[in-house]
Each structure stands twice: as structure tokens, then as C-alpha cells.
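Geometric and topological summary
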Amino acid sequence: MEVALLSTSAANKYRVRELAKDLGLSNKDIMEILGKYGEAPKSNMQALTDKELSLVFEALTQAHPASGIQEIFADTYREPAKQEQSAPAPAPAQAAVEKPAQQLTAPAVPAQKAAAPAPNAAPRPANSQPAAGQAKPVLSQPATRVPQKKVVDTRKGGDVNLAKYDERLEQMAPDKARRMQAPPAGKQKLRPNNNRRPGPGMTFSNKRRQDEHEKMRRLQLEIAKKAPLKVSIPDEISVGELASRMKKTGAEVVKVLMKSGIMASLPQIIDYDTAVLVALEFNCKVEHEVTVTIEEQLIDAHQDKEEDLISRAPVVVVMGHVDHGKTSLLDAIRDTSVAEGEAGGITQHIGAYQVQLEGKPITFLDTPGHEAFTSMRARGAMITDIAILVVAADDGIMPQTVESINHAKAAGIPIVVAINKIDKPAANPEKIKQQLTEYGLVTEDWGGETICCPISAKKRTGIDKLLEMVLLTAEMAELKANPNRAASGTVIEARLDKGRGPVATLLVQNGTLHQGDTIIAGTGVGRVRTMTNSKGKRIEEAGPSVPVEIAGLSEAPAAGCTFNVVADERMARELVEQRKEEEKLKFAAPVQKVSLENLFDQIQAGERKELALIVKADVQGSVEAVRVSLEKLSNAEVAVRVIHGGVGAISESDVMLAASTGAIIVGFNVRPDAAARDGAVRQNVDMRMYRVIYDCIDEIESAMKGLLAPKFKEVVLGHAEIRQTYKVSAIGTVAGAYVQDGKLLRDCSVRVVRDGIVIHEGKLGSLQRFKDSVKEVTTNYECGLTVDRFNDIREGDIIEGFTMEEIPR
């Protein structure tokens with residue numbers, strides 16, 4: 001039955017009342033049917049779903065069954081002439097026997113569809129109506145086995161507005177569905193594509209759509225070929241990555257590089273300019289890729305405006321040779337005694353102090369003068385504004401004095417010379433001034449621009465004049481900073497405190513540091529828990545040029561690294577982890593042990609031996625100084641490598657690292673704990689403790705001599721002239737020789753010299769006098785000899801005998 005056409009009306013809100021009206025039933029009948037098989041509607045205005053419509057139609061169909069198959073097809077096979085004459089009026093047939101108890105009806109279908117004849121149906125004879133009460137005869141089989149769609153009318157009777165349902169079908173059913181459900185009303189003009197035949201199951205519209213997609217795809221490819229490809233290139237890129245971004249093969253890119261004279265493989269890194277030239281060869285549009293790192297996002301590095309800057313205190317570094325009185329000068333300025341607490345009377349840390357002179361603050365940095373602390377002096381010069389060069393009047397210019405002058409000049413800071421110890425009888429300030437001129441420092445009284453102040457730190461004379469000159473130099477420099485921004489500066493010193501943890505001495509160079517700020521310094525990050533000034537007094541904030549000691553970092557940062565106050569602690573910890581990975585790759589590469597895999601590589605490298613060291617010290621600056629001093633002991637035969645350096649006592653983990661790498665532990669002003677001592681004894685790890693750096697360097701240097709390969713020198717034994725040669729088949733060339741000077745030994749090394757040119761160097765094969773083999777032949781004696789693996793001996797050649805002797809270290 002064609003009740004399925006009505007189900008599509010649900011999308012247009014086909015209501016209970018409308019369905020009952022179309023079927024000729026009451027609203028109550030429809031609601032009873034739905035309540036019997038499902039959920040009854042709440043009102044007659046409720047819209048029905050497809051499922052509910054199907055329930056109603058199915059119930060009506062089951063309640064009104066057809067009496068037989070002949071009756072269903074009775075009106076299908078009619079005479080064509082009679083069908084043409086018949087009007088397109090509704091001609092429904094009674095298809096079911098009505099039950100007295102239920103007067104239910106079903107909707108009718110359009111009359112034109114019900115009256116449509118089968119094209120190949122056999123004609124039915126005229127006046128062949130069956131008699132009443134008799135069954136209708138079986139009709140003849142039609143010419144086609146697939147007759148037209150048969151519509152079964154199950155309604156009770158009456159007229160139904162069929163055009164209404166046809167109109168809804170036209171509005172709701174898509175074109176494809178209408179084509180499939182009903183045959184075309186008239187002739188349809190097809191326009192097949194002569195270029196391509198449609199495949200099975202493919203309509204002409206699908207084929208046309210595919211052709212259009214294909215044309216569009218080709219057009220896009222042509223446009224892509226003509227338009228230049230945009231390529232984003234960073235500052236450095238590998239050849240393989242560049243080829244991938246340009247959608248080219250690696251061979252094509254390598255070929256272009258070879259034309260430019262650059263031999264590069266796919267993993268090789270090339271710079272931005274070279275990559276741009278390659279991209280232009282392939283007609284690519286280049287864009288410079290700018291990578292924003294975590295550090296750039298986290299750290300505020302904008303330039304301050306001139307109106308935001310205010311004057312700040314000068315930062316002064318005291319430099320000079322060891323034991324020339326630098327710390328004593330600071331003692332005189334601070335009226336304290338610091339030098340007495342230093343081991344050996346020399347400064348091995350870097351200190352920062354701030355003093356007041358006539359209400360104006362001055363920050364001083366004290367640097368060690370020993371040559372091992374070169375990096376500390378260089379670091380002190382780079383973060384200061386003025387350098388005070390202390391020279392002993394009785395000692396003169398020394399190597400570390402020259403080094404301090406060079407550091408100050410490299411940093412571009414003015415130098416104020418303080419000639420100390422003028423109270424000593426051997427003091428000669430004029431000699432000092434003359435020596436200074438050799439290094440480009442001409443004092444003012446000699447017609448130059450260098451300020452020179454004679455002082456005596458011990459007697460406290462000339463100190464005020466020196467400080468006045470420092471303030472004058474600072475005023476001329478117009479030192480300024482912006483206190484109203486996040487603090488930044490340099491880590492002067494860092495150490496591990498047993499009670500407070502990592503403690504760092506910072507010099508604020510710009511901005512203001514507050515207690516509670518989150519700072520990142522090297523590989524350390526944390527909040528400022530406590531902050532004290534140079535006098536040990538707790539403070540809440542520190543402005544520019546103020547040295548402070550803080551606690552709260554996760555670890556002791558490296559001396560000389562910069563610190564910054566940041567707002568995002570989580571991102572700061574990410575940056576710290578990134579820095580640790582970089583340091584691990586750079587410095588903490590494991591010491592290679594000899595194995596079959598890397599033995600050949602070490603032989604190719606010249607069989608260079610390696611001395612691994614672990615350095616532990618009380619402060620980070622000393623660790624760096626010891627590291628640099630020990631690594632400077634490396635030579636072509638032995639490489640000294642500090643595989644680990646840290647602050648604090650020697651721990652058990654240090655001993656385990658030394659045991660696994662075969663390293664020696666060097667302790668500077670620190671001692672091992674109990675677990676470390678037991679572990680060192682158990683694993684046979686050598687630990688050396690020092691208080692002064694001289695002893696450390698000397699002892700390590702002595703230990704290195706045991707690792708050096710033996711050194712040999714050549715000792716010439718004598719010369720013999722070839723007088724005659726003989727060819728012996730079993731032996732080769734045998735030469736008769738006359739010893740001119742010295743002697744020849746049987747197993748000595750020899751050189752064959754012809755016309756002053758060495759043509760062969762090897763071993764003496766045999767040495768005989770007459771028929772006897774001898775150990776040596778001396779001057780003015782004749783002998784017979786052979787040279788091992790060499791037969792091109794000629795008359796007149798000179799045989800030079802020599803041996804190699806080991807030189808003791």
C-alpha cells in the first residue's frame with residue numbers, strides 16, 4: 001500500500017487532527033490506535049512522527065485485509081483503449097471486507113497513479129465482469145514479469161483530496177528520490193558525455209560532477225605551479241629540513257649547494273643567508289622565522305626611557321697583585337678586619353660591601369689577586385663602574401697587576417691607581433708611575449689622565465683622598481638606573497649554608513629587588529625568603545648598586561651569571577630545566593672508557609690519556625677558579641677534565657661518581673662527610689684536601705707526570721760507508737762496509753743516506769766480521785751487513801746507526 005507517502009508529512013508537523021480528517025476517522029480512533037501500540041498523544045494538536053504514522057497505517061492495513069490476489073490486480077490489466085477513454089477521476093476499489101465492529105478506513109492514493117495501466121499488460125475482454133457471489137477468474141500473465149507498482153486502497157470510501165498529498169511529495173522528496181520512485185511523465189532528453197561513458201551504477205549527473213572536480217583540481221595544480229611557494233626559514237636549518245619545507249628532494253637541494261661551492265649533507269646545518277639563496281633558486285618566497293624562546297617571554301629586557309632613570313651609586317672593584325694590600329685597603333675603608341680570616345692571608349672569595357662617604361654610597365667589590373682567579377677578576381671588572389688598581393710601592397708592577405689592567409681596559413672602565421705601602425722604607429712611588437706608562441697608564445702629575453693616589457692602608461693615610469677621586473670619577477660617568485622595574489643583576493658569589501641552604505650574594509644593577517620576589521639565577525630558581533645587606537642587617541628591598549645576600553633559591557647558582565625577577569614561577573622552572581639540559585650536554589659528558597667500539601677512535605686521536613677530576617669547594621667562585629687552573633695543566637699528551645664541580649662538603653654521591661669514572665676528588669676548603677669517607681675507602685677513591693690553591697696545583701701537576709708517555713731522544717752511534725755489494729738469493733743484498741766513526745750495533749736502528757738524502761730508515765738485519773756474527777763493529781774496521789726489508793743498497797751509501805734513549809721526567 002502507498003501509505004509510506006504520508007509518512008513524509010511528519011517533517012511538516014502532520015497532526016492527529018489532520019490525519020483523522022484525511023482518513024475519515026475521529027481523533028479518538030487515532031489516539032486509541034497509538035495508545036494500543038505505543039504512547040497515546042496528549043492532544044489532537046500533537047505532531048506525529050514517522051514511527052507513529054507507520055503504526056496507524058499498519059494497524060489499518062491489518063484490520064482490512066484483501067480477499068485474494070486476483071482482486072488486488074483486477075484493475076491493473078485493462079484494455080489500453082478503455083484506459084485512454086477513461087477520465088482521470090478517482091476509481092478506488094473495495095479491497096477488503098469490513099468488519100462490523102470496526103469502521104476504520106485508510107487513505108487513498110492519487111487517482112492518476114491508481115488508474116495507470118501496465119505498459120505490457122494483456123487486454124481484458126469486454127463484458128467479462130464476474131457473476132455475483134463468484135470468485136473472480138485468474139487473469140492471464142502479463143508480458144513483463146515486473147509489473148508497474150500496484151497501489152492497494154484500504155480506505156472505507158469517500159473522496160480524498162489526493163492533490164494535497166502530491167503537492168507535499170513534490171515539496172519534501174528530493175529529485176533523486178522522485179526519479180527512483182516514479183517513472184518520468186514525459187520524454188527526458190539526455191546529454192551524454194562523449195568523452196567518457198558512465199560506469200555501472202553511475203548517473204550522468206555524478207559523472208558530470210566528477211569531471212568538474214577533476215578540472216578544478218587541475219586548475220589548482222596549475223595555479224600552485226605558477227604561484228611561488230612560501231617557505232619559513234629560521235636562523236639555522238638543516239639541509240634535509242629545508243628540502244622538506246620547499247617540497248623538494250634532498251638531492252635537488254644538495255645539487256644547488258654544490259653549484260654554489262658548498263659541500264653539505266642532509267643533516268648538515270646551514271645559515272639563513274645560504275638557505276635563502278637555495279630557496280630563491282627554486283622560486284620560493286622566503287619568510288624569516290623568528291623563534292620566541294621561553295627566556296624571551298619570561299625576562300623583561302626592554303630599554304629604559306631617559307625620564308625613568310635616576311642617579312645610582314658607583315660600583316668599584318679593587319684589583320691588583322696578590323699580597324699588595326687590596327683587602328687591607330677595604331679594611332681601612334670599612335674599619336673592619338677581613339684579611340685575618342683568609343687562609344694564607346690571601347683572598348679566595350669575592351666580597352661585596354657598601355660604605356657611605358659624606359652621605360653618598362659606594363659599593364666595593366674585592367677580587368682575589370692570585371693568577372688562578374683570573375675569571376673572577378674578569379667577572380668583577382665587567383660588572384663594575386670604576387677600578388682601583390692597588391700596586392705595592394716596594395714591589396712594583398707584577399703579572400697579576402698587568403692582568404688586572406687588561407681586564408679593566410677590556411671592560412672599558414676608568415682606572416684609579418692606589419700606590420700602597422708608601423710607609424715602607426723601600427717604597428718608590430716614582431718607579432711605579434714610570435712602570436705604569438709602559439701599559440698605557442700615565443698619571444696626572446706626569447701629564448696624563450690617570451688618577452694616582454699614594455696611600456698606606458696600614459697607617460690609614462691617603463684613604464679620604466682616594467675616595468674623593470672615586471666619587472669625582474663616578475660623577476663624571478653620570479651613572480643612572482631605573483628603580484621602578486623588575487630587578488636584574490649579577491650573582492657575585494654563591495654557597496651552600498648548612499642551616500639556610502643555598503645562599504647567593506647578588507649585586508642589583510637595575511630595578512628593585514623585594515623580599516618575596518621570584519628570581520631565576522642560572523640553574524637556580526626560587527622566592528627571596530630572606531635578604532640582608534653587607535653589614536648583616538635584614539632589609540625588605542634593595543635598589544640599584546646595592547649588594548645583598550639572599551636565601552631561597554633551589555640551588556647555588558654559578559658565580560658571574562645574571563639573575564632576573566620574573567612573574568611566572570612555573571615558566572621559570574621550565575627555563576631552569578632547559579638550562580640544566582644544555583649544561584648537561586655541554587659539560588657533563590661522561591668520560592669515555594676504552595672498549596672495542598671506541599678503541600680505534602682513541603688511537604686515531606693519538607692515544608691521548610685523560611685525567612678526570614671532581615672539584616668541591618666552599619663557594620662557587622673557588623670551584624670555577626680551581627677548574628680553570630687545573631684544566632690549564634692539559635697538554636698534548638694528557639687532558640685534564642673537571643667532570644663535576646659543586647659547593648659544599650664532599651658527599652657519598654661524589655664518591656660514587658668518582659668510582660664509576662675513575663676520577664680524583666679535589667676538595668678546596670671542604671671536608672668529606674662520614675659516608676663519603678667510608679665509601680672512598682671501600683671503593684678505593686683518591687680524595688685530596690687543600691686550603692691554599694698553590695698546593696692543589698703543584699700536587700696535581702706532579703700526579704700528571706706519572707701519566708705522561710715516556711719521552712725519548714735520538715743518540716747517533718756511528719757511520720759506515722758501503723764499499724761493495726753482493727746479491728745472495730736466499731738473503732738479498734749483502735753490503736761490505738767500512739766504519740768511519742763511532743760504532744755499529746747488531747740490533748740498532750739505521751738510516752740509509754744517499755747524497756745527503758735519507759732514502760730508508762729501519763733496523764740492521766745482520767752484522768758480521770768475516771764469517772762470524774758480532775755484536776758491534778768499531779771505527780776503522782770492515783764488516784758485512786744487511787738492512788732489514790731493504791735491498792736497494794749501493795756503493796757509496798752511508799749507513800748511519802742510532803738508538804733512542806728515554807729521558808726521565
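Residues numbered from 1 in each chain as written. Predicted model: local features only at pLDDT ≥ 70, side-chain atom pairs only at ≥ 80, totals over all residues. Heavy atoms only, no water.

**Details of the overall build of the chain**
- In terms of helices and strands, the chain carries 25 helices and 32 strands.
- Buried positions account for 41% of the 809 residues belonging to the chain.
- Sequence-distant contacts in the chain: of pairs separated by 6 or more residues, those separated by 24 or more amount to 70%.
- Accessible surface, the chain as shown: approximately 46000 Å² in total, 51% of it carbon and sulfur. (Helix = DSSP H or I, 4+ residues; strand = E, 2+ residues; numbered from the N terminus. Buried < 20%, exposed > 50% of the residue type's maximum accessible area, 1.4 Å probe, protein only. Contact = heavy atoms within 4.5 Å. Areas by Shrake-Rupley, 256 points an atom, 1.4 Å probe, with all protein chains shown as cover.)

**Observations concerning the pairing of strand β14 (residues 501–510)**
- In terms of burial, β14 is largely enclosed, as 9 of its 10 residues are buried.
- As consecutive antiparallel partners, strand β13 (residues 488–497) and β14 are separated by 3 residues.
- In this sheet, strand β19 (residues 546–553) lies alongside β14 in antiparallel orientation, the contact comprising 6 bridges. Looking at β19, one finds that A504 is bridged to I550. (Pairing = 2+ DSSP bridges.)

**Considerations on the pattern of salt bridges**
- In the structure shown here, the tally under the stated rule is 30 salt bridges.
- Here K360 and E475 are joined by a salt bridge, their closest N and O atoms 3.0 Å apart. Of this pair, K360 sits in strand β8 (residues 360–366) while E475 sits in helix α19 (residues 463–477), placing them 115 residues apart in sequence.
- Overlapping salt bridges bring together E714, R751, E761 and E800 as one network. (Salt bridge = Lys/Arg side-chain N within 4 Å of Asp/Glu carboxyl O.)

**A few points about a negative patch on the surface**
- Taken together, D235, E236, D271 and D273 make up a surface patch of like negative charges.
- Tracing the backbone through its elements, the reader meets E236 in strand β2 (residues 236–238).
- For E236, a relative accessible area of 59% corresponds to the exposed category. (Patch = residues over 30% accessible without salt bridge, like charges linked within 9 Å, V, L, I, M, F, W, Y side chains within 5 Å. Lys, Arg positive; Asp, Glu negative; His and termini not counted. Charge placed at Lys NZ, Arg CZ, Asp CG, Glu CD.)

**Thoughts on the packing of aromatic side chains**
- One pass over the structure, following the stated rule, counts 0 aromatic pairs.
- Above the ring of F802, the side-chain terminus of R751 is found at 3.9 Å from the ring centroid. (Phe/Tyr/Trp six-rings, centres within 6.5 Å; stacked < 30°, edge-to-face > 60°. Lys NZ or Arg CZ within 6 Å of the ring centre and 35° of its normal.)

**Some points on the environment of G412**
- Its location among the elements puts G412 in the loop between α17 (399–411) and β10 (415–420).
- For G412 and I386, which are 26 residues apart along the polypeptide, the C-alpha to C-alpha distance reads 9.3 Å.

**So, the side chain of T443**
- Examined against the element boundaries, T443 turns out to sit in the loop between α18 (429–437) and β11 (451–454).
- Apart from the residues lying within four places of it in its own chain, the contact partners of T443 are K433, L436, G448, T450 and C452.

**Some points on helix α3 (residues 27–37)**
- Taken together, the buried positions of α3 are occupied by I30, I33 and L34. In an axial view of α3, the angular spread of the buried residues amounts to 95°, which keeps them on one side of the axis. Seen from the open side of α3, the exposed residues pointing more than 90 degrees away from its buried face are K28 and K36.
- Buried residues along α3 sit in contact with α2 (16–23) and α4 (50–63). (Arc of directions from axis to C-beta.)

**Regarding the packing of helix α15 (residues 326–334) against α19**
- The interhelical angle for the contact between α15 and α19, taken along N-to-C directions, is 90°, at an axis separation of 11 Å. Taken together, the axis directions place α15 and α19 in an arrangement best described as roughly perpendicular. Here α15 contributes L329, A332 and I333 to the contact with α19, which in turn contributes I463, L466 and L467. (Axes fitted to C-alpha atoms, helices over the stretch in contact; angles between N-to-C directions. Parallel < 35°, antiparallel > 145°, perpendicular 65-115°, else oblique.)

**What about the sheet that holds strand β16 (residues 518–521)?**
- Sheet architecture is closed into a barrel: 6 strands sit in the order β13-β14-β19-β17-β16-β20, paired in antiparallel fashion. The sheet shows a mean angle of 45° between the axes of neighbouring strands, direction not considered.
- Lying over the sheet, helix α20 (residues 569–586) contacts β16, β17 (524–532) and β20 (562–566), oriented at roughly 10° with respect to β16.

**Things to note about the environment of G440**
- Structurally, the position occupied by G440 is in the loop between α18 and β11.
- The exposure class of G440 is exposed, given its relative accessible area of 53%.
- Between the C-alpha atoms of G440 and I405, which are 35 residues apart in sequence, the distance is 9.3 Å.

**Thoughts on the nonpolar core**
- One finds L506, L513, V548, I550, L613, L630 and I700 to be the most contacted residues of the largest nonpolar core, which totals 40 residues.
- Beyond its immediate chain neighbours, meaning those up to four positions away, I550 contacts P502, V503, A504, L506, L513, I519, V528, T530 and M531. (Core = buried A, V, L, I, M, F, W, Y, C linked by side-chain atoms within 4.5 Å.)

**Here we look at the confidence of the model for the chain**
- Averaged over every residue, the pLDDT of the chain is 76; residues scoring 70 or more account for 72%.
- Taken together, the stretch residues 79–144 has pLDDT below 50 and engages in 100 contacts with residues farther than four places along the chain or on a different chain.
- Here residues 344–350 scores under 50 on pLDDT; set against residues more than four positions off or in separate chains, the count is 31 contacts. (pLDDT = per-residue confidence, 0-100.)

**Some remarks on α19**
- For α19, built from 15 residues, the straight-helix expectation of 21 Å at 1.5 Å per residue is met to within 8% by its first-to-last C-alpha distance of 21 Å.
- Residues of α19 that are buried include every one of I463, L466, L467, M469, V470, L471, T473 and A474, and no others.
- Taken from the residues just after α19, E478 is the one with a positive phi, measuring 50°. (Expected span 1.5 Å × (residues − 1).)

**A closer look at the environment of E541**
- One can find E541 in strand β18 (residues 541–542).
- Separated by 28 residues in the primary sequence, E541 and L513 have C-alpha atoms spaced 5.4 Å apart.
- At 3.4 Å, the side chain of E541 forms a polar contact with the side chain of H514. (Polar contact = N/O pair within 3.5 Å; in protein donor to acceptor, adjacent residues only side chain to side chain.)

**Some details on the pairing of β19**
- Judged by how many residues are buried, β19 sits mostly within the fold: 7 of 8 residues are covered.
- Where β17 meets β19, 4 bridges bridge the pair, whose relative direction is antiparallel. Each residue of the ladder has a partner; that of M531, found in β19, is I550.

**So, the packing of α3 against α4**
- With their axes 10 Å apart at the nearest point, α3 and α4 run at an angle of 100° to one another. With respect to α4, the axis of α3 lies roughly perpendicular. Contacts between α3 and α4 pair I30, I33, L34 and Y37 from the former with E52, L55, V56, A59 and L60 from the latter.
- Here the contact of α3 with α4 is composed, by residue class, of 8 nonpolar, no polar and 1 charged. (Nonpolar A, V, L, I, M, F, W, Y, C, P; charged D, E, K, R; others polar.)

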